[in-house]
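Analysis of the macromolecular model
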Amino acid sequence: MSWNRREVLGVPLSLGVGRIAAANPGAQVGAGPGTSASAALGSLAGARSGQRYLFQSVRRSHEPSRLPGGDDLLMDRFGPNADYVDFFCGWPWDRPGGDWLDAKSVRHGPRPWFSVPTPARPAAPVDTHMVDVSGALRWVQQQARWCAVLLRSPQAFRKIAGLRHPQGASPSIRVRYEDGSDARLACRLVAEARSGQPATALASVALPAFLEFERPDRPVKEATLWLSITEHGGDRATPLEGFLLDPPSAPSPLQQGVAASGAPLDADLIRNPSVIGVHRYVDGSRLEDFLLPERVNTLAEREFDPALWNAGPSDPGKLPHRGLGRWVNINTDPAQWSMVGSNYRAEGFEPLAAGVGAMRFTMPVPPGLQDGAVVGYGGTGAANAAIFLPEPLFGRLDRIFVRYYLRLAEPLSHAASADVRRRYQVYNGPERRLPQWTDRGGKFGITPEHTTSYGGVSGSSGMGFGWQMRLAWEECDAATAGPDEGGWRPGFHLYDFLERQPPAHRYASSERHQMYWGQRSGWGGMLYLNRWYCIETELHLNTVHSQAPGYKADGSLRAWVNGRLAFERTGMVFRALPLHDPGRDPARIRPCRELGVRALWMNWFHGGKTANSVDRTMFVTGLAWGRDYLGPMRLPGT
């Protein structure tokens, strides 16, 4: 017998079995327009590709170790390379080596905007050149484009001075504006256009290279580029050619879902037959409406209805029946959860819309954290809870959409999140063998899972053992006011799918655009502080069957940010039959049924194996989950 993804043991997915509404499902909120925070959801202002600068720069290549025996911390890992506009968030070029516009505005055309003749044998070790770039700068200013250039030497090897050359001056552009004023546009970045780790902090940079300058701020009359050539290869003169960079930056079309056709703010969304559950955190809601206060060991089978494993008669007092539709707290401090109303104003909070509050999660810095502290191996947890699916769907559902609105709060000291001195060097154990640099990332989000005691933790997910799907976050602390700072780089934490998977489906070795959300023109590649983002993910589990190998590679992952597709990966494997069955142990939990979705998992965690070093707060509202794409909710006045 085989189980196709579109069949769930005879339970029709069009039925509303087990649909769950929050308390007061008919509660109404203010009908006025939303705040500026909600109005910005569809704009480019909160998008990676909408930032002032194209490239992320760094101050230096490495941060030196502050403790004996420690390694230097690599900092030169955020900028561009030949494959990515942004290596950090997985924003790829369309064409390896970079995309450009030529002087006729032809993408990948042959006509350079400027050309610099260079001799075969320079008179001095460092050879300074000037070239008129007025046309290029006027176009940049008129089109409000990034002042970013691909500089190449197609006929001979050349190197130019970077930002840290001991003799050669770094590139710059001298501008005279039409109003008669003069300016020097500093170079922010000179990076080699090569594959592999970004190379943005070199003293001397081989061509082809990416350069980015400060942008002109008024109409340009004339402009001159200055640069220094530090190495000449070959015995022939050759021109250097400059093209304006044109990375893919158009977002995917806005996609409306089932929420758009309903009442504002999801007021009637639960009535849609494809919707399984809705949480509406409107003013007047109580935390206990959405969270079981006591902790429950969800990795113990004794907490669950034995009928799920055909191990006894149904027990409606156990999970998943108990507290259906509410978060089941697994092991985090309930004090780190709270409900805030729309009038809350601490930590930079603004409501998504009038009358709409949020669930607030906090992650404080552990006491005594500093260089040399012993932190153990557990990282720092802030939220670890599950909402279980109703019994007819538990372990059977093969496709689920999860949508919520996320707001990252400004840390209590924003400067701390960009201060590399707060990236402490710590020890995992009391033996203090090797100091570890504090992580600046971890896991977050609300995602599906089928976690068991035998599969579904780091390195053991997949096949017949159990699985989990987590999101990954990381922040950039380069402290150069670049576009990757002041927020999180999101992605799918696919490192969990390792040795239990078939060799072709061990996703820890995935390319960056196969994990991180900058995949599609940079859209969703960064989530910035103090903004609401509508996050939606789709997990479509692969088909399983009883004949070897027990699976078909037809699973998929997708993510939308503010209603636009940010990530897509197909041809994936997450599960297989037969189920791993070591026999019943009440203190552990086995996989069940077809390894379909059993719950939503809220997992906000710092690490790795080092402790959180900056006080953090995160807000969530507008949670809904179902079998079809939900899309952004209707806001009042729309």
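Just so you know, these numbers come straight off a predicted model, no measurement behind them. (Residues numbered from 1 in each chain as written. Predicted model: local features only at pLDDT ≥ 70, side-chain atom pairs only at ≥ 80, totals over all residues. Heavy atoms only, no water.)

1. Quick look at the overall build of the protein chain
Rules: For helices the rule is a DSSP run of H or I covering at least 4 residues; for strands it is a run of E covering at least 2, with both sets numbered from the N terminus onward. A radius of gyration in this sense is built from C-alpha atoms; the matching globule rule multiplies 2.2 Å by the number of residues raised to 0.38. Throughout, the Shrake-Rupley method with a 1.4 Å probe supplies accessible areas, and for residues the shown protein chains are the sole cover considered. When charges are counted, Lys and Arg are positive and Asp and Glu negative, with His and the chain ends excluded. Note on charges: their place is set at NZ of Lys, CZ of Arg, CG of Asp or CD of Glu.
Across its full length, the protein chain holds three helices and 38 strands. Whereas a compact globule of 638 residues would reach a radius of gyration of roughly 26 Å, the protein chain reaches 27 Å, a difference of no more than 12%. Along the first, second and third principal axes, the C-alpha atoms of the protein chain reach 90 × 60 × 55 Å. A total accessible area of about 23700 Å² is found for the protein chain, and carbon and sulfur atoms account for 50% of it. Here the protein chain carries 71 positive and 62 negative side-chain charges, and the mean point of each set is 1 Å from the other.

2. Some remarks on the pattern of salt bridges
To keep things clear, this is the line we draw: We define a salt bridge as a contact between a side-chain nitrogen of Lys or Arg and a carboxyl oxygen of Asp or Glu at a distance within 4 Å. For the exposure calls, accessible area comes from a 1.4 Å probe over protein chains only, and a residue counts as buried if that area is under 20% of its type's maximum, exposed if over 50%, partly exposed in between.
Counted under the stated rule, the structure contains 38 salt bridges. Two residues, Arg218 and Asp217, come together in a salt bridge whose shortest N-O distance is 2.9 Å. Taking the relative accessible area as the measure of exposure, Asp217 reaches 52% and is therefore exposed. For Asp496, the salt bridge goes to Arg470, with nearest N and O atoms at 3.0 Å. With Asp496 in the loop between β31 (487-492) and β32 (527-528) and Arg470 in the loop between β29 (467-468) and β30 (471-474), the pair connects residues that are 26 residues apart, well separated along the chain. Accessibility classification places Asp496 together with Arg470 in one group, the buried group.

3. Here we look at the pairing of strand β22 (residues 358-363)
To be explicit about the condition: Strand pairing is assigned whenever DSSP detects at least two bridges linking the two strands.
The element β22 is largely enclosed, with a buried count of six among its six residues. Side chains Ala358, Arg360 and Thr362 of β22 all project onto a buried face; the interleaved residues Met359, Phe361 and Met363 project onto the opposite face, where all are buried too. Bridge analysis of strand β21 (residues 337-340) against β22 gives four bridges, and the strand direction is antiparallel. Bridged to Met339 within β22 is Met359. Direction of pairing for β22 relative to strand β38 (residues 616-626): antiparallel, over a ladder of five bridges. Note that in β38 the partner of Met359 across the bridge is Val620.

4. What to know about the nonpolar core
To keep things clear, this is the line we draw: Among buried residues, those of type Ala, Val, Leu, Ile, Met, Phe, Trp, Tyr and Cys that are joined through side-chain atoms within 4.5 Å constitute a nonpolar core.
Formed by 75 residues in total, the largest nonpolar core has its most connected members in Trp327 and Trp604. Counting residues per element, this core draws most heavily on strand β24 (residues 399-408), at five residues. Within the second largest apolar cluster, 32 residues are counted, among which are Leu137, Leu185, Leu211 and Phe213.

5. Here's the deal with the environment of Arg236
We count it as follows: Whenever a nitrogen or oxygen atom comes within 3.5 Å of another N or O atom, the pair is scored as a polar contact, on the condition that within protein one atom can donate a hydrogen and the other can accept it, and that pairs from neighbouring residues in sequence are kept only if both atoms are in side chains.
Mapped onto the elements, Arg236 comes out in the loop between β16 (220-232) and β17 (238-245). Accessibility expressed as a relative area gives 45% for Arg236, which makes it partly exposed. For the pair Arg236 and Ala120, spaced 116 residues apart in sequence, the C-alpha separation works out to 4.5 Å. Side chain to side chain, Arg236 and Gln155 meet in a polar contact 3.3 Å long.

6. Description of the confidence of the model for the protein chain
What counts is decided by this rule: The quantity known as pLDDT measures the predictor's confidence residue by residue, on a range of 0 to 100. Any two residues whose heavy atoms approach within 4.5 Å at even a single point are treated as in contact.
Residue-level pLDDT values for the protein chain average 91, and 93% of them are 70 or greater. In this model residues 1-20 is a low-confidence stretch, pLDDT under 50, and it forms 56 contacts with partners more than four residues away in sequence or in other chains. Note on residues 22-39: pLDDT is under 50 here. Beyond four places in sequence and across chains, it has 37 contacts.

7. As for the packing of aromatic side chains
Put simply, the rule is: A pair of aromatic rings is counted whenever rings of Phe, Tyr or Trp (Trp by its six-membered ring) have centres within 6.5 Å, and the orientation is called stacked for planes under 30 degrees apart, edge-to-face for over 60 and tilted otherwise. Put simply, a charge is over a ring when the Lys NZ or the Arg CZ is close to the ring centre, within 6 Å, and near the line of the ring normal, within 35 degrees.
Per the counting criterion, the structure on display carries 28 aromatic pairs. Site record: aromatic cluster; members linked through ring pairs are Phe304, Trp309, Phe388 and Phe394. Between the NZ or CZ atom of Arg188 and the centre of the ring of Tyr53, over which it lies, the distance is 3.7 Å. Here Arg512 stacks its cationic end above the ring of Phe87, 4.0 Å away from the centre of that ring.

8. So, helix α2 (residues 134-143)
Helical geometry note: an α-helix holds 3.6 residues per turn, so side chains three or four residues apart project in the same direction. Ser134, Ala136, Leu137, Trp139 and Val140 are the residues of α2 that are buried. Looking at the residues trailing α2, positive phi occurs at Ala144, about 55 degrees.

9. Points about the environment of Gly442
Residue placement: Gly442 occurs in strand β27 (residues 441-444). Residues Gly442 and Thr380, spaced 62 residues apart in sequence, show a C-alpha to C-alpha distance of 9.2 Å. Ignoring sequence-local partners within four residues, the contact set of Gly442 consists of Leu471, Ala472, Trp473, Phe605, His606 and Gly607.

10. Overview of the pairing of β16
Judged from the six bridges that link them, strand β9 (residues 127-132) and β16 form a sheet pairing that is antiparallel. Bridge pairing links Asp127 to Ile229 in β16. Strand direction decides the pairing type here: strand β11 (residues 158-161) and β16, joined by three bridges, are antiparallel. Bridge pairing links Lys159 to Glu231 in β16. Sheet topology places strand β12 (residues 172-177) next to β16; six bridges connect them, and they run antiparallel. Across the sheet, the residue bridging to Val175 is Ala223, located in β16.

11. Looking at the environment of Gly109
Here Gly109 shows up in the loop between β7 (100-101) and β8 (114-118). The exposure class assigned to Gly109 is buried, which follows from its relative accessible area of 3%. In this structure the C-alpha to C-alpha distance between Gly109 and Arg403, which are 294 residues apart in sequence, comes to 42 Å. Sequence-distant contacts of Gly109, that is, excluding residues within four places in its chain, are made with Trp100, Asp102 and Phe243.

12. Here we look at the side chain of Thr200
Counting through the fold element by element, Thr200 comes out in the loop between β13 (182-192) and β14 (204-206). There is a polar contact of 2.5 Å between the side chain of Thr200 and the side chain of Asp76. Those residues in contact with Thr200, other than ones at most four positions away along the chain, are Val58, Asp76, Gly79, Pro80, Arg164, Leu189, Val190 and Ala191.

13. Topic: unusual backbone geometry
For the bond from Leu207 to Pro208, the omega torsion is 5 degrees, close enough to zero to count as cis. Relative to the helices and strands, Pro208 resides in the loop between β14 and β15 (209-213). Of note, the amide linkage connecting Ala548 to Pro549 takes the cis form, showing an omega dihedral of 10 degrees. You will see that Asn310, though not glycine, has its phi angle at about 55 degrees, which is positive. Residue placement: Asn310 occurs in the loop between β19 (291-292) and β20 (327-329). By relative accessible area, which is 74% here, Asn310 ends up exposed. Of note, the phi angle at Ala479 is positive, near 60 degrees, even though the residue is not glycine.

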